[in-house]
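Listed here are the chains, written in short residue letters.
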Amino acid sequence: GELLRSDKDDSYTESKSDGQERGTSRPRPSWTDEIQYETLTIGEFPLAGKPTTFYETAFYHVASKTLIVTDALAKISIDPPPLNSPANLLLISKRSTDDELPDDTPQARQVGWEKTALLVSYFFPEHEELDPERGSKGVVTWTDGWHDNFQALSNRLLVPPVVRTLLYRQNPEGVRRWVDRVVTRW
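Residues numbered from 1 in each chain as written. Predicted model: local features only at pLDDT ≥ 70, side-chain atom pairs only at ≥ 80, totals over all residues. Heavy atoms only, no water.

Caption draft 1: The arrangement of the nonpolar core in detail. In terms of nonpolar packing, the biggest core is built from twelve residues, these being Leu40, Ile42, Phe45, Ala58, Ala72, Val162, Val163, Leu167, Tyr168, Val175, Trp178 and Val182. Counting only elements with at least two residues in this core, the list comes to strand 4 (35-47), helix 4 (161-166) and helix 5 (172-185). Among the nonpolar cores identified, the runner-up in size contains ten residues, and Ile76, Ala117, Phe150 and Leu153 belong to it. (Core = buried A, V, L, I, M, F, W, Y, C linked by side-chain atoms within 4.5 Å. Buried < 20%, exposed > 50% of the residue type's maximum accessible area, 1.4 Å probe, protein only. Helix = DSSP H or I, 4+ residues; strand = E, 2+ residues; numbered from the N terminus.)

Caption draft 2: Summary view of the packing of helix 1 (residues 86-93) against helix 2 (residues 106-122). Where helix 1 meets helix 2, the closest approach of the two axes is 7 Å, and the angle between their N-to-C directions is 80°. Here helix 1 lies roughly perpendicular to helix 2, going by the angle between them. Every residue of helix 2 that contacts helix 1 at Pro86, Leu89, Leu90, Ile92 and Ser93 is listed here: Ala108, Arg109, Val111, Gly112, Trp113, Lys115, Thr116 and Leu119. The class makeup of the residues in the contact of helix 1 with helix 2 is eight nonpolar, three polar and two charged. (Axes fitted to C-alpha atoms, helices over the stretch in contact; angles between N-to-C directions. Parallel < 35°, antiparallel > 145°, perpendicular 65-115°, else oblique. Contact = heavy atoms within 4.5 Å. Nonpolar A, V, L, I, M, F, W, Y, C, P; charged D, E, K, R; others polar.)

Caption draft 3: Geometry of unusual backbone geometry. Here the phi dihedral of Lys65 falls at roughly 55°; this positive angle occurs in a residue that is not glycine. Tracing the backbone through its elements, the reader meets Lys65 in the loop between strand 5 (50-61) and strand 6 (66-68). For His127, which is not a glycine, the phi torsion comes out positive at approximately 80°. You can see His127 is positioned in the loop between helix 2 and strand 8 (128-130). Given the relative accessible area of 16%, His127 is considered buried.

Caption draft 4: Spotlight on the packing of aromatic side chains. Under the counting rule described, the total for this entry stands at six aromatic pairs. Taking 6.2 Å as the distance between ring centres and 70° as the angle between the ring planes, the aromatic pair formed by Trp142 and Trp146 counts as edge-to-face. A connected cluster of aromatic rings, assembled from ring pairs, spans Trp31, Tyr37 and Phe59. Above the face of the Trp146 ring, Lys115 is positioned so that its terminal group lies 4.9 Å from the ring centre. (Phe/Tyr/Trp six-rings, centres within 6.5 Å; stacked < 30°, edge-to-face > 60°. Lys NZ or Arg CZ within 6 Å of the ring centre and 35° of its normal.)

Caption draft 5: Spatial organisation of the side chain of Thr141. Here Thr141 is to be found in strand 9 (residues 140-142). A distance of 3.0 Å separates a polar atom in the side chain of Thr141 from a polar atom in the side chain of Asp131. (Polar contact = N/O pair within 3.5 Å; in protein donor to acceptor, adjacent residues only side chain to side chain.)

Caption draft 6: Fine view of the pattern of salt bridges. Summed over the entire model, instances satisfying the criterion amount to eight salt bridges. One salt bridge connects Arg109 with Asp104, and the closest N-O pair in it is separated by 2.7 Å. Using a relative accessible area of 31% as the deciding quantity, one classes Arg109 as partly exposed. By sharing partners, the salt bridges in this structure join Glu38, Arg181 and Arg185 into a single network. (Salt bridge = Lys/Arg side-chain N within 4 Å of Asp/Glu carboxyl O.)

Caption draft 7: Highlighting helix 2. Helix length check: helix 2 (17 residues) gives 24 Å between terminal C-alpha atoms against 24 Å at 1.5 Å per residue, within 8%. Within helix 2, burial applies to Ala108, Gln110, Gly112, Trp113, Glu114, Lys115, Thr116, Ala117, Leu118 and Ser121. Its buried side turned inward, helix 2 meets helix 1, strand 9, helix 3 (146-153) and helix 4. (Expected span 1.5 Å × (residues − 1).)

Caption draft 8: Summary view of helix 3. Of all the positions in helix 3, only Trp146, Phe150 and Leu153 are classed as buried. One face of helix 3 carries all of its buried residues, which in axial projection span an arc of 65°. Contact partners of the buried residues in helix 3: helix 2, strand 9, strand 10 (157-158) and helix 4. Looking at the residues trailing helix 3, positive phi occurs at Asn155, about 60°. (Arc of directions from axis to C-beta.)

Caption draft 9: Just the pairing of strand 4, in detail. Relative to strand 5, strand 4 runs antiparallel, the two being bridged by twelve bridges. Across the sheet, residue Tyr37 finds its bridge partner in strand 5, namely Phe59. Hairpin connection, strand 4 to strand 5: the antiparallel pair is bridged by two residues, and Ala48 has positive phi, about 55°. (Pairing = 2+ DSSP bridges.)

This is the structure we're talking about:
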């Protein structure tokens, strides 16, 4: 089924797989005069051995007319966001997991950011491969071409590939209806 939540009324409507709908009374959050929302139930997935339901919610701040989404859309900046840990960026910037940490330079941090963005977007991005000679030891190597992939991914608005592939494919019609509700409402 698909759970459709909206601040427009005081109820939740659950669309069952048989097409029947049922509402359940729930108190409306106190902030809905200021921030409106639409929620989609994406699907149920096993997480740590138990079924877990994933949701996606779009928020709309009325006063500023700002649409707020989290995983539904992303714009990956070209430069590393300031809150990224330099140590983590340097760890990811290595060509191989077997290599020594590079010196802490702006260029090494940039490389770390670009590879981090690819990892978060794809989990197993192209050009991150088991090392042919040391793969049995778990050594991973970044091959040529990863920077071009980052350039194609960055600085534009997109549905993150991992979200599109793992989550939205579970319920494409529900996602379409949710997007339609968000677009027509705000």
